[in-house]
Amino acid sequence: MNTKDKWNLKHMDRLMQLKEPQPNPRLKKLASYFKEGGSALDIACGLGGNSLFLAGMNNQVEAIDISDVAINYVQEQAAKDNLSVQPRVTDLTDLDTLNLQNNPFDFVVMSYYLDRSLFPVVMNLLKDGGYFFMETYYQSPFTKNQGVSDQYKLKSNELLLEFRDWKVHYYEENEQEGWQSIFCQKR
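Residues numbered from 1 in each chain as written. Predicted model: local features only at pLDDT ≥ 70, side-chain atom pairs only at ≥ 80, totals over all residues. Heavy atoms only, no water.

A.B. asks: What am I meant to see in the environment of Asp65 here?
C.D. replies: Along the chain, the position of Asp65 falls in strand β2 (residues 60-65). Asp65 sits in the buried class, given a relative accessible area of 5%. The sequence separation of Asp65 and Val89 amounts to 24 residues, and the corresponding C-alpha distance is 5.3 Å. In contact with Asp65, not counting residues within four places along its chain, are His11, Ala44, Cys45, Gly46, Ala70, Ile71, Arg88, Val89 and Thr90. A distance of 2.7 Å separates the side chain of Asp65 from the backbone nitrogen of Gly46, its partner in a polar contact. (Helix = DSSP H or I, 4+ residues; strand = E, 2+ residues; numbered from the N terminus. Buried < 20%, exposed > 50% of the residue type's maximum accessible area, 1.4 Å probe, protein only. Contact = heavy atoms within 4.5 Å. Polar contact = N/O pair within 3.5 Å; in protein donor to acceptor, adjacent residues only side chain to side chain.)

In structure tokens form, the structure reads like this:
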């Protein structure tokens, strides 16, 4: 099964169980940093909890994901709630097709997707003073049997090292649940 089909199946299953997508709780707590009327990019947006949340704060949001099931759902929800979200099916493993280089954003969000080759892309996509939020799995000793390959998990302090030249407003490694989160600002 190819990657797109795999994620389409996962998102169809999630839609059967879902009431409505929720934003990441740590992103939601950091909302005071997001000025209204900004531009945001949600990388690997899934069913759009973060995208819809940011658009609900009057931001222009571009939401990208490999799953057309997810993108169609985000598009329907944004239209229903009259939110400014431009969802687009995008294969994030093909950096040449991202077509984002000339669109600087005020905020970039990446939640539970890890492709380290995107870090320099994110750095270039943000305006000076722009914000980056990321949260994903990391290699915690408490979550070895999490069902996620170590290649898709961050190492301890990896995001702090990667974004060491940025102003870090929030950082956490949750060993019990096995996630690492950073919210930082481009200088």
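Having seen it, we continue.
A.B. asks: What is the right way to read helix α1 (residues 3-17) from this model?
C.D. replies: Structurally, the α-helix is built with 3.6 residues per turn, so residues lying three or four positions apart point the same way. With 15 residues, α1 ought to run about 21 Å at 1.5 Å a step, and its terminal C-alpha atoms sit 22 Å apart, in line with that. Capping of α1 at its N-terminal end is provided by Asn2; its side-chain oxygen lies 3.1 Å from the backbone amide nitrogen of Lys4. (Expected span 1.5 Å × (residues − 1).)

A.B. asks: Looking at this structure, I do not really get the pairing of strand β4 (residues 105-111). What am I missing?
C.D. replies: The two faces of a sheet get side chains in turn, since along a regular strand they alternate between them. Most of β4 sits out of view: seven of its seven residues are buried. One ladder, built from four bridges, connects strand β1 (residues 39-43) with β4; its direction is parallel. Within the sheet, the bridge partner assigned to Asp42 lies in β4 and is Val109. Of the pairings in the sheet, the one linking β4 to strand β5 (residues 126-137) comprises six bridges and is parallel in character. Bridge assignment links Phe107 to a residue of β5, and that residue is Tyr131. Of the crossover connections in this fold, the one passing from β4 over helix α5 (residues 118-125) to the parallel β5 is right-handed. (Pairing = 2+ DSSP bridges. Right-handed = clockwise from strand over helix to strand, strands pointing away.)

A.B. asks: Just checking my understanding: could you explain the layout of surface pockets for this structure?
C.D. replies: The gaps left among the atoms become clear once a water-sized probe is rolled over them. Reported here for the largest pocket is a volume of approximately 1200 Å³. As for the largest pocket, its lining consists of 39 residues, and the residues nearest its centre are Trp7, Arg14, Ser111, Tyr112 and Tyr113. Sorting the residues of the lining of the largest pocket by element identifies α1, α2 (25-29), α3 (49-56) and β5 as the ones contributing at least two each. At six residues, the largest contribution of residues to the lining of the largest pocket is made by α1. Here the residues of the lining of the largest pocket are counted per class, giving 16 nonpolar, 14 polar and nine charged. The volume enclosed by the second largest pocket comes to roughly 190 Å³. Looking at the second largest pocket, the residues that line it are Glu20, Pro21, Gln22, Pro23, Gly49, Leu52, Phe53, Gln77, Lys80, Asp81 and Leu83. Only α3 and α4 (68-80) provide two or more residues apiece to the lining of the second largest pocket. Here the lining of the second largest pocket takes three residues from α3, the largest share from any one element. Counted by class, the lining of the second largest pocket contains five nonpolar, three polar and three charged residues. (1 Å grid on protein atoms, 1.4 Å probe; cavity = no way out; pocket = protein on both sides within 12 Å on 5 of 7 lines; lining within 4 Å. Points joined across faces, edges and corners; volume = space filled by probe spheres on them. Nonpolar A, V, L, I, M, F, W, Y, C, P; charged D, E, K, R; others polar.)

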